[in-house]
Amino acid sequence: MHTRGMIPVGRRLRVLQLDPNANTPPYDRALCAALAAAGCDVTLATSRFLYERLPAPRGYRLDERFFRVAGSGAARQIGLTGRPSARRALKAAEYPLNWLTLLADLRRHPADVVHIQWSFEPRLDARLGPLIRRRGVPLVYTVHNLAPHDAPPAVAARYERLFRRADGLVVHSERSAAALRDRWGIAPDRIAVVPHGPLLLDTPPLPRAEARRQLGLPPDAELILFAGLIEPYKGLADLIEAFALVAPERPSARLVVAGKPNEPFGPYRQRLEAHGLLDRAIFDLAFLPESRLAAYLSAADLLVLPYRETTASGMLFSARGVACPVVATATGDLPEVIADGESGLLAPPGQPVELAAAISRLLADPDLAARLGLAGQQAAATSESWAVAAERLTTFYRRLVGGG
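Just so it is clear, the model here is predicted, and its values are computed rather than measured.

## A look at the overall build of the protein
Regarding its fold elements, the protein presents 15 helices and 13 strands. Principal-axis analysis of the C-alpha atoms places the extent of the protein at approximately 65 × 50 × 40 Å. Burial analysis of the protein (404 residues in total) assigns 53% to the buried set. Expressed as a percentage of contacts within the protein between residues at least 6 apart in sequence, the contacts between residues at least 24 apart total 72%. Surface exposure of the protein reaches about 17300 Å², of which carbon and sulfur atoms provide 53%. For the protein, the separation between the mean place of its 49 positive charges and that of its 41 negative charges on side chains is 9 Å.

## Remarks on the environment of Thr395
Along the polypeptide, Thr395 turns up in helix α15 (residues 386-400). Put simply, Thr395 and Ala192 are 203 residues apart on the chain and 9.5 Å apart in space, counted from C-alpha to C-alpha. Here Glu391 takes part through its backbone oxygen, which lies 3.0 Å from a polar atom of the side chain of Thr395.

## Some remarks on the sheet that holds strand β9 (residues 253-258)
Read across the open sheet, the six strands follow the order β10-β9-β8-β11-β12-β13; overall the sheet is parallel. Each edge of the open sheet is held by one strand with a lone partner, namely β10 (281-284) and β13 (345-347). Here the average twist between neighbouring strands, direction ignored, is 25°. By the bridge criterion, four bridges tie β9 to β10 in an arrangement that is parallel. Note on β10: the bridge partner recorded for Val256 is Ile282. With respect to the sheet, helix α8 (residues 236-246) is in contact with β8 (222-227), β9 and β11 (302-305), its orientation differing from that of β9 by roughly 165°.

## Digging into the packing of aromatic side chains
Considering all chains together, one arrives at 15 aromatic pairs under this definition. Note on Phe265 and Tyr268: the rings are 5.4 Å apart at their centroids and 55° apart in plane angle, and the pair reads as tilted. Look at Phe265 and you get buried, because its relative accessible area is 9%. Ring pairs connect the aromatic residues Phe66, Phe67, Tyr95 and Phe120, which therefore count as one cluster. For Arg88, the ring lying beneath its charged end belongs to Phe120, and the centroid distance is 4.3 Å. Seen from the ring of Phe67, Lys91 lies directly overhead, with NZ or CZ sitting 5.1 Å from the centre.

## Examining the side chain of Ser360
With respect to the helices and strands, the residue Ser360 is situated in helix α13 (residues 352-364). Setting aside residues up to four positions removed in sequence, Ser360 forms contacts with Val246 and Glu249.

## Focus on the packing of α13 against helix α14 (residues 366-381)
Remark: α13 packs on α14, axes separated minimally by 5 Å, with the N-to-C direction vectors making an angle of 105°. Between α13 and α14, the interaxial angle falls into the category roughly perpendicular. Residues Arg361, Leu362, Leu363 and Ala364 of α13 lie in contact with α14, whose contacting residues are Pro366, Leu368, Ala369 and Leu372. For the contact of α13 with α14, the residue count by class is seven nonpolar, no polar and one charged.

## Some thoughts on the pairing of strand β5 (residues 139-142)
Neither face of β5 is exposed, since Leu139 and Tyr141 on one face and Val140 and Thr142 on the opposite face are all buried. One ladder, built from three bridges, connects strand β4 (residues 113-116) with β5; its direction is parallel. Paired with Ile116 across the bridge in β5 is Tyr141. In the classification by handedness, the crossover that spans β4, the intervening helix α4 (residues 122-133) and the parallel β5 is right-handed. Sheet topology places β5 next to strand β6 (residues 168-171); three bridges connect them, and they run parallel. Bridge pairing in β6 places Tyr141 opposite Leu169.

## Details of the side chain of Asp284
In this structure, Asp284 sits in strand β10. Beyond its immediate chain neighbours, meaning those up to four positions away, Asp284 contacts Val257, Ala258, Gly259, Arg292 and Tyr296.

Thresholds applied
- Residues numbered from 1 in each chain as written.
- Predicted model: local features only at pLDDT ≥ 70, side-chain atom pairs only at ≥ 80, totals over all residues.
- Heavy atoms only, no water.
- Helix = DSSP H or I, 4+ residues; strand = E, 2+ residues; numbered from the N terminus.
- Buried < 20%, exposed > 50% of the residue type's maximum accessible area, 1.4 Å probe, protein only.
- Contact = heavy atoms within 4.5 Å.
- Areas by Shrake-Rupley, 256 points an atom, 1.4 Å probe, with all protein chains shown as cover.
- Lys, Arg positive; Asp, Glu negative; His and termini not counted.
- Charge placed at Lys NZ, Arg CZ, Asp CG, Glu CD.
- Polar contact = N/O pair within 3.5 Å; in protein donor to acceptor, adjacent residues only side chain to side chain.
- Pairing = 2+ DSSP bridges.
- Axes fitted to C-alpha atoms, helices over the stretch in contact; angles between N-to-C directions.
- Phe/Tyr/Trp six-rings, centres within 6.5 Å; stacked < 30°, edge-to-face > 60°.
- Lys NZ or Arg CZ within 6 Å of the ring centre and 35° of its normal.
- Parallel < 35°, antiparallel > 145°, perpendicular 65-115°, else oblique.
- Nonpolar A, V, L, I, M, F, W, Y, C, P; charged D, E, K, R; others polar.
- Right-handed = clockwise from strand over helix to strand, strands pointing away.

This is how it looks when you write it as structure tokens:
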């Protein structure tokens, strides 16, 4: 662990946050705003987010230095944004140069802590990160996922090497902290458990009827929502099987699938058609800007997170921001965040029968659903708030730099 010495009295803690690929802009910006409000001098170094306009920085600096060529108008004009493999290759060529300019700027404008939220290329980061540490600046990573989803062992091992070299690791649950200690032998004093914090705070929830009107959803249906990027680990196939069990009992129930597919979507349509339920499903298969996601969460009777495996879930914290009731599977960090029967309902992963029972329970008891949604929102405003996250992080940062 690096100890560079105490921060001079009266000087703000200088924190450089990195999310090179803009993997989680809402999370990054909410965290940076909270750190700034807690008295830190914060810069977020990232890339321009291509999908929507985001709120202006609140109290921190925004430096969109990464992937300027790949995100440029010229790249869009020649069609790179629609060719993922070509865009990825261009980013791979840019990334080392982005890092070199970042290191040069750190000489002119030193930071007390460098905190990386997501690694774009763990092998390169593992080599360049020590250049920061040699200057006595602690290097911190947030372990959003213990291993990338569906990653082969060789790729997972790259992240393990990267995390082992960090001065500090941030996780969102005691379960993830225990996994780092037990699986990788990370010393407990190098780990900080910090709440995720609610999302969609800049987008107020809509009245249910208004949200349904804006989205063109049936006003009187019972809406079961699956939202976010569509990937195999998220268990949409299990939700479809659960919906097939719920549908005969709830004639007005509709399954709403809203989000961008990162896999072929045809098999999901085929399963719904095989159950005779394609006409009771509603699809919005595109990236959801924050305002549209908030509208779906406001319109839904409940959100279902049928993950087969996960670490955390940004969608859960989006739902909590607008008091949307949640049914989730008891995998990863979710059982630690959701108190079953108090702030949500849990079902075993990969068990459509039990998932269907939890969905039916909430549809049959709107008062219970409302209580669970409000309890989740209350947790997001207190024990899981961004203020709590910033307080824990600044304490961790100061310990890493020798400030007590």
